[in-house]
Amino acid sequence: AILTLLSLCASRSISFSSKLSAWYDGRGCPDKIFQDNNFALKRMFADNNLSQPRRGYIARSDQIIDSYEELTSYTPTGTADICSQDAATLSESWEPESVDVAVIDPPYYDSIMYSELSEVFYVLQKEYLSDLYPDLFTSKLSNKSDEAVANPYRFEEIADNKDSKDDLAGKHYENKMAEIFDEVHELLTSGGVATIMFTHRDMEAWDTLTKSLIEAGFSIT
């Protein structure tokens, strides 16, 4: 548990100290990595002195520990079941009609390529944690094949005049989200509720998401 928290401390330290971290004029300090959701090197980047108390490793560690303590305060028994798996395979871990509430923050269609961005932290945490959690670090880099995003570049080689790479990426996202919502619908009790956080600005993304929800059997209120 301690080593796991320390790996998160190291990840958070890097998040504010790299050529991908822009200078934050408003506060006079480095901003978080990936503010624009890509790997663009910043013209005015920031690199903290990690031994400096206010913005270095100790400060980032304090933030991680505070977050951990707040999370554990929400569990009355002090324990929680945690799994890391494809959301389209939830029935492997839970029984049908055994969940009262599902809270979902789905990927934002084509806005953020999560698995690509996560590789910054994946390769670091693999050094810390591959012996503790071997099942989570079996591959050299992050898993992109099961990701529920609309990434046109994954379909460049199979696109044709009938289906463009954008069309194929949209269909992949719609099908993947339909699989996930099917699983959630099966796990919910009668009268169970799913709440979904989705703030995409593109109406096409909303159409795709709501279509997947309706096809899975949900009623939108």
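Criteria and thresholds
- Starting from 1, residues in each chain are numbered consecutively following that chain's sequence as written.
- With the structure being a predicted model, the display of local features is reserved for residues of pLDDT at least 70 and the display and counting of side-chain atom pairs for 80 or more, all residues being used for whole-chain, interface and lining totals.
- Processing note: side-chain calculations cover all non-hydrogen atoms of the structure and skip hydrogens and water entirely.
- Counting from the N terminus, the helices are DSSP H or I runs at least four residues long and the strands are E runs at least two residues long.
- Per-residue accessibility, obtained with a 1.4 Å probe over protein chains only, is compared with the maximum for each type, and a residue is labelled buried under 20%, exposed over 50%, and partly exposed between these values.
- Residue contacts follow a heavy-atom distance rule, with two residues in contact if any of their heavy atoms lie within 4.5 Å.
- Here, Shrake-Rupley sampling with a 1.4 Å probe gives the accessible areas, and only protein chains in the shown set may cover a residue.
- Classification of ring pairs uses Phe, Tyr and Trp, with its six-membered ring standing for Trp, and accepts pairs whose centres are within 6.5 Å; under 30 degrees between planes counts as stacked, over 60 as edge-to-face, and the remaining range as tilted.
- Here, a charge over a ring is recorded when the distance from Lys NZ or Arg CZ to the ring centre is within 6 Å and its angle to the ring normal is within 35 degrees.
- Helix axes are fitted only over the stretch in contact, all axes being lines through C-alpha atoms; the angle between N-to-C directions runs from 0 to 180 degrees.
- Reported orientations rely on four angle classes, namely roughly parallel under 35 degrees, roughly antiparallel over 145, roughly perpendicular from 65 to 115, and oblique for the rest.
- A clockwise turn of the near helix away from the far one marks a right-handed crossing, whereas an anticlockwise turn of less than a right angle marks a left-handed crossing.
- Residues are grouped as follows: Ala, Val, Leu, Ile, Met, Phe, Trp, Tyr, Cys and Pro are nonpolar; Asp, Glu, Lys and Arg are charged; all remaining types, including Gly, are polar.
- Each pair of strands is called paired provided DSSP finds at least two bridges between the two strands.

Caption draft 1: The overall build of the chain, seen in detail. Tallying secondary structure elements over the chain gives five helices and five strands in all. Secondary structure elements of the chain occur, N-terminal to C-terminal, as α-β-β-β-α-β-α-α-β-α. By residue count, 35% of the 221 residues in the chain fall in the buried class. Partitioning the intrachain contacts of the chain with sequence separation of at least 6 by distance along the chain shows that 64% fall at a separation of at least 24. Of the roughly 14400 Å² of accessible surface on the chain, a fraction of 53% belongs to carbon and sulfur atoms.

Caption draft 2: The arrangement of the packing of aromatic side chains in detail. Within the structure shown, the criterion is met by six aromatic pairs. Connected via pairs of aromatic rings, a cluster forms that spans Tyr-108, Phe-198 and Trp-206. Seen from the ring of Phe-16, Arg-60 lies directly overhead, with NZ or CZ sitting 3.8 Å from the centre.

Caption draft 3: Spatial organisation of the packing of helix α1 (residues 2–15) against helix α2 (residues 57–73). Two elements in contact, α1 and α2, have axes separated by 8 Å at closest approach and are oriented at 125°. By the angle class used here, α1 and α2 are oblique. As α1 runs across α2, the sense of the crossing is right-handed. Facing Leu-5, Leu-6, Leu-8, Cys-9, Ala-10, Arg-12 and Ser-13 of α1, the residues of α2 in contact are Tyr-57, Arg-60, Ser-61, Gln-63, Ile-64 and Tyr-68. Along the lines of polarity and charge, the residues of the contact of α1 with α2 split into eight nonpolar, three polar and two charged.

Caption draft 4: A look at the pairing of strand β1 (residues 18–24). In terms of strand pairing, β1 meets strand β3 (residues 45–46) through two bridges, oriented antiparallel. When the bridges of β3 are listed, Ser-18 appears paired with Ala-46. Judged from the two bridges that link them, β1 and strand β2 (residues 29–30) form a sheet pairing that is antiparallel. Opposite Trp-23, over in β2, you have Pro-30 as the bridge partner.

Caption draft 5: The sheet that holds β3, seen in detail. Spatial strand order, β2-β1-β3: three strands in an open sheet with antiparallel pairing. One side of each edge strand has no neighbouring strand; the edge strands of this open sheet are β2 and β3.

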